[in-house]
Amino acid sequence: MRDRAVYSWRNGWFRWSVVSLVVFTVLCVLVGFVWLPSVHKDFTAQNLWDAICRAAGVPAHWSSGSDVKTGPASTDVVLERRMVRMTDTAAVGRGATLALNCTMCHGAQGMSTSDAPNLSGQYPEVVIKQLLDYKAGRRSHTLMETLARNMSQRDIEDLAAYYAYLPKARTAPTTYDESLPALVRVGDPLRNIAPCISCHGGVDQKLGAPWIEGMPKDYLVEQLKAFKTGARRNDSQGQMRNMARPMSEQEIAEVAEFYARKASAGQRH
Ligand code: HEC
Ligand code: HEC
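Rules used throughout
Residues numbered from 1 in each chain as written. Chains lettered and ligands numbered in written order. Predicted model: local features only at pLDDT ≥ 70, side-chain atom pairs only at ≥ 80, totals over all residues. Heavy atoms only, no water. Core = buried A, V, L, I, M, F, W, Y, C linked by side-chain atoms within 4.5 Å. Buried < 20%, exposed > 50% of the residue type's maximum accessible area, 1.4 Å probe, protein only. Helix = DSSP H or I, 4+ residues; strand = E, 2+ residues; numbered from the N terminus. Contact = heavy atoms within 4.5 Å. Donors = N, O, S within 2.8 Å, 3.2 Å for Na, K, Ca; no water. Tetrahedral: all angles 85-135°; square planar, octahedral: opposite > 155°, others 65-115°. Salt bridge = Lys/Arg side-chain N within 4 Å of Asp/Glu carboxyl O. Near = heavy atom within 4 Å. Polar contact = N/O pair within 3.5 Å; in protein donor to acceptor, adjacent residues only side chain to side chain. Nonpolar A, V, L, I, M, F, W, Y, C, P; charged D, E, K, R; others polar.

### Regarding the nonpolar core
Working step 1: Counting 22 residues, the largest nonpolar core has Val184, Leu220, Met247, Val255 and Tyr259 as the members making the most contacts within it.
Working step 2: Of all the elements in the fold, those that place two or more residues in this core are helix H10 (182-185), helix H11 (217-229), helix H12 (239-244) and helix H13 (249-267).
Working step 3: Here this core gets six residues from one element, more than from any other, and that element is H13.
Working step 4: Leaving out residues up to four positions away in the same chain, tyrosine 259 has contacts with Thr174, Val184, Cys196, Ile197, Ile212, Glu213, Gly214, Met215 and Leu220.
Working step 5: One finds Leu119, Leu132, Ala161 and Leu166 within the second-largest nonpolar core, a separate group that totals 21 residues.

### Focus: the coordination of the iron atom of ligand 2
Working step 1: Here the iron atom of ligand 2 is held by His200 (NE2) and Met240 (SD), and the distances to it run 2.0 to 2.1 Å.
Working step 2: In this structure, the iron atom of ligand 2 is surrounded by six donor atoms whose angles at the metal cover 85 to 179°, and the resulting shape is octahedral. Remark: methionine 240 occurs in helix H12 and histidine 200 occurs in the loop between H10 and H11; sequence separation between them is 40 residues.

### Quick look at the pattern of salt bridges
Working step 1: This structure, assessed with the given rule, holds ten salt bridges.
Working step 2: Among the ionic pairs, aspartate 76 bridges to arginine 138, the shortest N-O distance being 3.4 Å. Here the residue aspartate 76 occupies a position in the loop between helix H4 (60-64) and helix H5 (89-98), and arginine 138 occupies one in the loop between helix H7 (124-135) and helix H8 (142-149), the gap between them amounting to 62 residues.
Working step 3: The class of aspartate 76 is partly exposed, set by a relative accessible area of 48%.
Working step 4: Look at arginine 138 and you get partly exposed, because its relative accessible area is 22%.
Working step 5: The salt bridge partner of aspartate 133 is lysine 129, with a shortest N-O separation of 2.6 Å. Here aspartate 133 pairs with lysine 129, and both are found in helix H7, just four residues apart, close to one helical turn.
Working step 6: Given the relative accessible area of 5%, lysine 129 is considered buried.

### A look at the site of ligand 2
Working step 1: Residues in close proximity to ligand 2 total 26 residues, the closest being Lys129, Cys196, Cys199, His200 and Met240.
Working step 2: The separation between a nitrogen atom of ligand 2 and a polar side-chain atom of histidine 200 is 2.8 Å.
Working step 3: Contacts to ligand 2 include arginine 232, whose side-chain N or O atom sits 2.8 Å from an oxygen atom.
Working step 4: Mapped onto the shell around ligand 2, the elements with two or more residues apiece are H7, H11 and H12.
Working step 5: Element by element, the count of residues in the shell around ligand 2 is highest for H11, at four residues.
Working step 6: Residue classes in the shell around ligand 2 are distributed as 16 nonpolar, six polar and four charged.

### Remarks on the coordination of the iron atom of ligand 1
Working step 1: For the iron atom of ligand 1, every protein donor is listed as His106 (NE2) and Met144 (SD), and the spread of their distances is 2.0 to 2.3 Å.
Working step 2: Taken together, the six donor atoms coordinating the iron atom of ligand 1 and their angles of 85 to 178° define a geometry best described as octahedral. Residue histidine 106 is located in helix H6 (residues 103-106), and its partner methionine 144 is located in helix H8; the two are separated by 38 residues in the primary sequence.
Working step 3: Judged by relative accessible area, histidine 106 falls into the buried class, the value being 10%.

As structure tokens, then:
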């Protein structure tokens with residue numbers, strides 16, 4: 001009889017010891033699985049669940065697609081509104097001369113005929129950021145890294161001014177329309193995919209989000225896959241990696257096809 005009273009919830013000591021045991025356990029789990037791993041330099045978990053899985057040793061691709069651990073560090077370029085300002089005509093002229101080295105791949109007027117990205121009309125802050133990332137080895141591509149390494153800050157700004165100045169041979173950014181593919185128009189809230197047009201123009205143009213309409217399809221597919229696997233990680237705060245990670249190969253092909261096709265539609269007019 002007396003024993004039963006000891007293990008009763010009405011016993012203050014018993015209640016206290018159960019509650020403190022639970023609190024202590026939760027604290028230990030948080031410290032061991034979340035706080036300690038998060039102080040490690042290579043901490044890449046996106047949320048609490050990821051952090052717990054990682055600390056428990058669950059292979060990353062079980063929980064969150066394959067996150068490549070090796071590869072360049074993410075970007076350290078800070079985007080500034082200042083970059084958007086169109087510079088003087090002298091800068092455009094200098095940029096045009098420098099751009100003679102780029103026509104072989106990016107096309108005479110910045111419209112690529114190969115699988116290199118189009119640069120015609122690209123937002124200047126995008127060209128500046130990407131070239132700085134190649135220069136610092138934050139976005140990997142052997143040739144572009146070599147070229148960028150030899151560019152001064154001024155060369156980079158002048159090239160950006162020149163490409164921004166070029167007549168926009170491409171279609172204007174997508175406008176909201178019921179017929180757009182679902183991922184482009186509304187994303188997929190259940191998988192945390194935001195609509196492409198909320199950053200890439202259409203509804204909103206986020207600073208640093210490239211103009212992707214009319215880019216070669218293979219280039220778009222390649223970039224989305226690189227974000228998905230983490231091979232490309234120069235997007236600040238993993239903005240694109242978070243979008244691409246849950247996307248299937250087929251969805252990647254679909255959105256790439258959609259954005260690539262915008263070019264031919266525009267050129268017909
Ligand atoms: C031999 C071909 C080649 C030459 C020459 C070349 N590029 Fe590139 N460039 C590429 C390829 C391919 C990519 C995409 C690489 C990747 O996957 O990261 C690229 C990417 C870029 C990007 C990133 C664009 C974006 O939308 O993210 C910029 C900016 C750029 N190049 C500027 C230049 C400039 C400026 C020059 C001349 C000084 C130049 N490139 C010369 C092939 C070339
Ligand atoms: C939260 C904003 C955001 C959303 C939503 C978003 N993007 Fe992006 N995207 C960016 C930013 C910012 C970059 C530039 C990353 C960097 O700095 O290298 C980018 C880069 C890209 C690139 C690489 C282009 C290049 O030339 O380097 C592609 C392709 C792309 N996004 C496609 C998409 C598609 C398709 C969707 C919709 C499924 C999408 N993005 C949704 C912000 C976004």
